[in-house]
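An overview of the molecular structure
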Amino acid sequence: MTTHASGTFEVKLNPQADDKVGDSTVGRMSIDKQFHGDLEASSKGQMLTAMTDVTGSAGYVAIERVSGKLHGHSGTFALQHSGTMARGAPQLTITVVPDSGTGELVGLAGKMTIDIVDGKHFYDFEYTLAKPQ
């Protein structure tokens, strides 16, 4: 059975200045999030970015480990991000890394969407929580 979780989150992205790849269009950032609502959790992760000379075009990939409670179920899980922006048009996929759930979140699968409205971040998480076999 598919379940929906929703709420807000705050995110802090910190550039990792010590990362020298030799190309100023490629960057790396640490991710620090606090989720509120149906998902009461925090996360830590890493993001890689690619900028272009065209305004509004870029790409990123990221992995973050989420730790907390999802609808009262305690544990951790990993989210994998893949996003592009083509001249201002966004495309973003965020999925639970298969078999990354721990504790009461073993068997978690799903996808998350993010909306930013007036500078505030909102998430919608569509997931299933299968019992381990």
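Residues numbered from 1 in each chain as written. Predicted model: local features only at pLDDT ≥ 70, side-chain atom pairs only at ≥ 80, totals over all residues. Heavy atoms only, no water.

What follows is about the overall build of the protein chain. Each helix and strand in the protein chain was counted, giving 0 helices and 8 strands. When its helices and strands are written in sequence order, the protein chain yields β-β-β-β-β-β-β-β. Dimensions along the principal axes, computed over C-alpha positions, put the protein chain at roughly 50 × 30 × 25 Å. With 133 residues in all, the protein chain has 29% of them scored as buried. For the protein chain, contacts bridging at least 24 residues in sequence account for 45% of all contacts bridging at least 6. Total accessible area on the protein chain stands at roughly 8,100 Å², and carbon and sulfur atoms take up 56% of it. Across the protein chain, the 11 positively charged side chains and the 15 negatively charged ones have centroids separated by 3 Å. (Helix = DSSP H or I, 4+ residues; strand = E, 2+ residues; numbered from the N terminus. Buried < 20%, exposed > 50% of the residue type's maximum accessible area, 1.4 Å probe, protein only. Contact = heavy atoms within 4.5 Å. Areas by Shrake-Rupley, 256 points an atom, 1.4 Å probe, with all protein chains shown as cover. Lys, Arg positive; Asp, Glu negative; His and termini not counted. Charge placed at Lys NZ, Arg CZ, Asp CG, Glu CD.)

With that out of the way, let us pick up the sheet that holds strand β7 (residues 108–117). In spatial order, the strands read β1-β2-β3-β4-β5-β6-β7-β8; together these 8 strands close into a barrel with antiparallel pairing. Across the sheet, the mean angle separating the axes of adjacent strands is 25 degrees when strand polarity is ignored. (Pairing = 2+ DSSP bridges. Axes fitted to C-alpha atoms, helices over the stretch in contact; angles between N-to-C directions.)

Residue position: T8 is located in strand β1 (residues 3–15). For T8, a relative accessible area of 18% gives the class buried. Not counting residues up to four positions away in its chain, the partners in contact with T8 are Q34, F35, H36, K120, H121, F122 and Y123.

Next up on the list: the pattern of salt bridges. Counted by the stated rule, this structure contains 2 salt bridges. We note a salt bridge from D32 to K44, for which the minimum N-O separation is 3.2 Å. In this pair, D32 sits in strand β2 (residues 26–37) while K44 sits in strand β3 (residues 39–51), placing the two residues 12 residues apart along the sequence. A relative accessible area of 25% means that D32 is categorised as partly exposed. (Salt bridge = Lys/Arg side-chain N within 4 Å of Asp/Glu carboxyl O.)

Overall, the coordinates contain 4 aromatic pairs when judged by the stated rule. Their ring planes at 15 degrees and their centres at 5.7 Å tell us that F77 and F125 sit as a pair that is stacked. Here the residue F77 occupies a position in strand β5 (residues 73–86), and F125 occupies one in strand β8 (residues 120–129), the gap between them amounting to 48 residues. Taking the relative accessible area as the measure of exposure, F77 reaches 1% and is therefore buried. We classify F125 as buried; its relative accessible area is 0%. Ring geometry for F125 against Y127: centres 5.3 Å apart, planes inclined by 35 degrees, an arrangement best described as tilted. Y127 carries the same exposure label as F125, and that label is buried. Grouping aromatic residues by their ring pairs yields a cluster made of F9, F35 and Y123. Looking at K33, its charged tip hangs above the ring of F9, at a distance of 4.8 Å from the centre. (Phe/Tyr/Trp six-rings, centres within 6.5 Å; stacked < 30°, edge-to-face > 60°. Lys NZ or Arg CZ within 6 Å of the ring centre and 35° of its normal.)

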